[in-house]
Amino acid sequence: MKIFLKLYKKILPYFFFIIYGKISINQNNFNKNLVIKKKIYKKVSYKFFEINNSRLYTNSSDVAYITNNTIISGPSIQFRRKLNANVIHNIVIHKGTPKFYKKINCRVFSLLCGIDTNNYYHWFFDCLPKLLIFKRFYKFEKNDFFLAPNLKHDFQIKSLRMLNIKNILNAASLKHVYAKKIITTSFTNFTIDHKDWLIKELRDKFTLTKRKISKQNLKIFLDRKGVSSLIRDISNKEELIKFLRNENFLIIDPSKLSFVDEIKLFNAAKIVVGIYGAGLTNAIFCQKKTHIIELKNNQTDSLFKNIIKKSKLNYHFLTSEVKASKYSSKPFDGFININILKLSKILSKIN
């Protein structure tokens, strides 16, 4: 069986090379099917790529925009070490487009970003910003389609619905598309200091201001569970949770909440305590002056600190030496030990 699968994987690309042909490279992007428009938003210049009669292929990380069997170097994505490398490294150059395409005789707006958007943080700060930028410069039509990286989680489906987006295509299952016109943008987000407009728009779009919100008095601790806790967690977590329960904290696992309940919970929070990670993305849903206490190791960047401060919240932190995880060598991963006395002092000042 294994031999058959290996043989199948080797033969498959040749089969699709016969159907669709090999992909060539045109580095100067001169192509009659391609229109590049430049727009300024909040003093930042963005490019919009409108590609007529074109194909899009993705393997969930690399994204290739193809017209006349030529890959377009501007919008195509092939991140290597956090940089968008030369298109020569794109998967389609080496393996072609080994999936039958779905033909769509309408416009397709691509939200693909070459990042793991099953991660809560990356969905909100890498994928959805593309949609917010599109909304600024295009009038959507009822027949427009939107190609999302994935629709695996409740927060992905519900957030798109709350933005009134319909006709959603799931690139996790539909990896090859042929469309009358594909539109994408140059927006990328490899930064730890996000634009003020982005944080404000995310807050405005998703905070349930028109719904009745409970008083801002909840105290919550974000508990990491499952596989993620093997990569990054708190070594004395049982001791910490016991202390926080005595302080009337709710212990929650954000991944178990529906997206709407997650917004409501954080919007009603007075104090949030959590380790550096995607759960702190929810700071954008907190009311102003909420207190956020970030727990992190002394090698961690200021990504969530910046989000919290730009959301007009009160930021506090505790740092610790880190014990490495065997599952990750990233500087922000590993296990930290929280000084309960220091945390108690921070809480006494807040209360």
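Heads up: these notes are all about the structure in this document. These figures come from a predicted structure and were not determined experimentally.

## Focus on the overall build of the protein chain
So, step 1. Each helix and strand in the protein chain was counted, giving 10 helices and 19 strands.
So, step 2. Here the C-alpha radius of gyration of the protein chain, 23 Å, is about what a compact globule of 351 residues would show, namely 20 Å.
So, step 3. Roughly 18,500 Å² of accessible area belongs to the protein chain as shown, and the carbon and sulfur atoms make up 52% of that amount.
So, step 4. One finds the centroid of the 64 positive side-chain charges in the protein chain at a distance of 7 Å from the centroid of its 23 negative side-chain charges.

## Thoughts on the nonpolar core
So, step 1. In this structure, Phe 124, Phe 125, Phe 206 and Phe 285 are the most contacted members of the largest nonpolar core, which totals 74 residues.
So, step 2. It is helix α3 (residues 120-137) that provides the largest number of residues to this core, a total of 11 residues.
So, step 3. If sequence neighbours within four positions are ignored, Phe 125 has contacts with Phe 187, Asn 189, His 194, Leu 198, Ile 199, Leu 202, Thr 281, Ile 284 and Ile 307.
So, step 4. Leu 240, Ile 241, Ile 271 and Leu 343 belong to the second-largest nonpolar core, a separate cluster that totals 20 residues.

## Observations concerning helix α7 (residues 237-246)
So, step 1. Considered for burial, the residues of α7 that qualify are Lys 237, Leu 240, Ile 241, Phe 243 and Leu 244. The buried residues of α7 occupy an angular sector of 160° when the element is viewed end-on, so they sit on one face. For α7, the exposed residues lying more than 90 degrees away from the buried face are Glu 238, Lys 242, Arg 245 and Asn 246.
So, step 2. Directly beyond the C-terminal end of α7, a positive phi value near 70° is found at Asn 248.

## Structural notes on the sheet that holds strand β13 (residues 232-234)
So, step 1. The three strands lie next to each other as β13-β19-β18, forming an open sheet whose pairing is mixed. At either end of the open sheet lies a strand with only one pairing partner, and these are β13 and β18 (322-323).
So, step 2. In this structure, β13 lies alongside strand β19 (residues 334-336), joined through three bridges in parallel fashion. The residue bridging Arg 232 from the neighbouring strand is Gly 334, located in β19.

## Some points on the pairing of strand β4 (residues 63-67)
So, step 1. Counting buried positions along β4 yields five of five residues, so the element is predominantly enclosed.
So, step 2. Every second residue of β4 is oriented toward a common face, with Val 63, Tyr 65 and Thr 67 on one face and Ala 64 and Ile 66 on the other, all of them buried.
So, step 3. Bridging between strand β3 (residues 44-58) and β4 involves four bridges; their strand directions are antiparallel. What sits directly across from Leu 56, in β4, is Tyr 65.

## Comments concerning the sheet that holds strand β16 (residues 291-297)
So, step 1. The five strands are arranged β14-β12-β15-β16-β17 in an open sheet whose pairing can be described as parallel. A single partner strand is all that each edge strand has here, and the edge strands are β14 (250-252) and β17 (314-320). Taking each pair of neighbouring strands and ignoring which way they run, the sheet shows an average axis angle of 20°.
So, step 2. Where strand β12 (residues 218-222) and strand β15 (residues 269-275) come together, five bridges link them in parallel fashion.

## Quick notes on the packing of aromatic side chains
So, step 1. Counted according to the given criterion, the structure contains 30 aromatic pairs.
So, step 2. Judged by centre distance (6.3 Å) and plane angle (50°), the rings of Phe 48 and Phe 134 are tilted. Linking Phe 48 in strand β3 with Phe 134 in helix α3, this pair joins segments that are 86 residues apart in sequence.
So, step 3. Ring pairs connect the aromatic residues Tyr 41, Phe 48, Phe 109, Phe 134, Phe 137, Tyr 138, Phe 140, Phe 146 and Trp 197, which therefore count as one cluster.
So, step 4. When the ring centre of Phe 317 is taken as origin, the NZ or CZ atom of Lys 296, which lies over that ring, is 5.7 Å away.

## Considerations on the packing of α3 against helix α4 (residues 154-162)
So, step 1. Running from amino to carboxyl end, α3 crosses α4 at an angle of 30°, the nearest separation of the two axes being 11 Å. Considering the angle they form, α3 stands roughly parallel to α4. Every pair of crossing elements has a handedness; the one defined by α3 and α4 is right-handed. Residues Tyr 120, Trp 123, Phe 124, Leu 128 and Leu 131 of α3 pack against Phe 155, Gln 156, Ser 159 and Leu 160 of α4.
So, step 2. For the contact of α3 with α4, the per-class residue count stands at seven nonpolar, two polar and no charged.

Rules of the game
- Residues numbered from 1 in each chain as written.
- Predicted model: local features only at pLDDT ≥ 70, side-chain atom pairs only at ≥ 80, totals over all residues.
- Heavy atoms only, no water.
- Helix = DSSP H or I, 4+ residues; strand = E, 2+ residues; numbered from the N terminus.
- Rg over C-alpha atoms; globule rule 2.2 N^0.38 Å.
- Areas by Shrake-Rupley, 256 points an atom, 1.4 Å probe, with all protein chains shown as cover.
- Lys, Arg positive; Asp, Glu negative; His and termini not counted.
- Charge placed at Lys NZ, Arg CZ, Asp CG, Glu CD.
- Core = buried A, V, L, I, M, F, W, Y, C linked by side-chain atoms within 4.5 Å.
- Buried < 20%, exposed > 50% of the residue type's maximum accessible area, 1.4 Å probe, protein only.
- Contact = heavy atoms within 4.5 Å.
- Arc of directions from axis to C-beta.
- Pairing = 2+ DSSP bridges.
- Axes fitted to C-alpha atoms, helices over the stretch in contact; angles between N-to-C directions.
- Phe/Tyr/Trp six-rings, centres within 6.5 Å; stacked < 30°, edge-to-face > 60°.
- Lys NZ or Arg CZ within 6 Å of the ring centre and 35° of its normal.
- Parallel < 35°, antiparallel > 145°, perpendicular 65-115°, else oblique.
- Left-handed = near helix turned anticlockwise from the far one by under 90°.
- Nonpolar A, V, L, I, M, F, W, Y, C, P; charged D, E, K, R; others polar.

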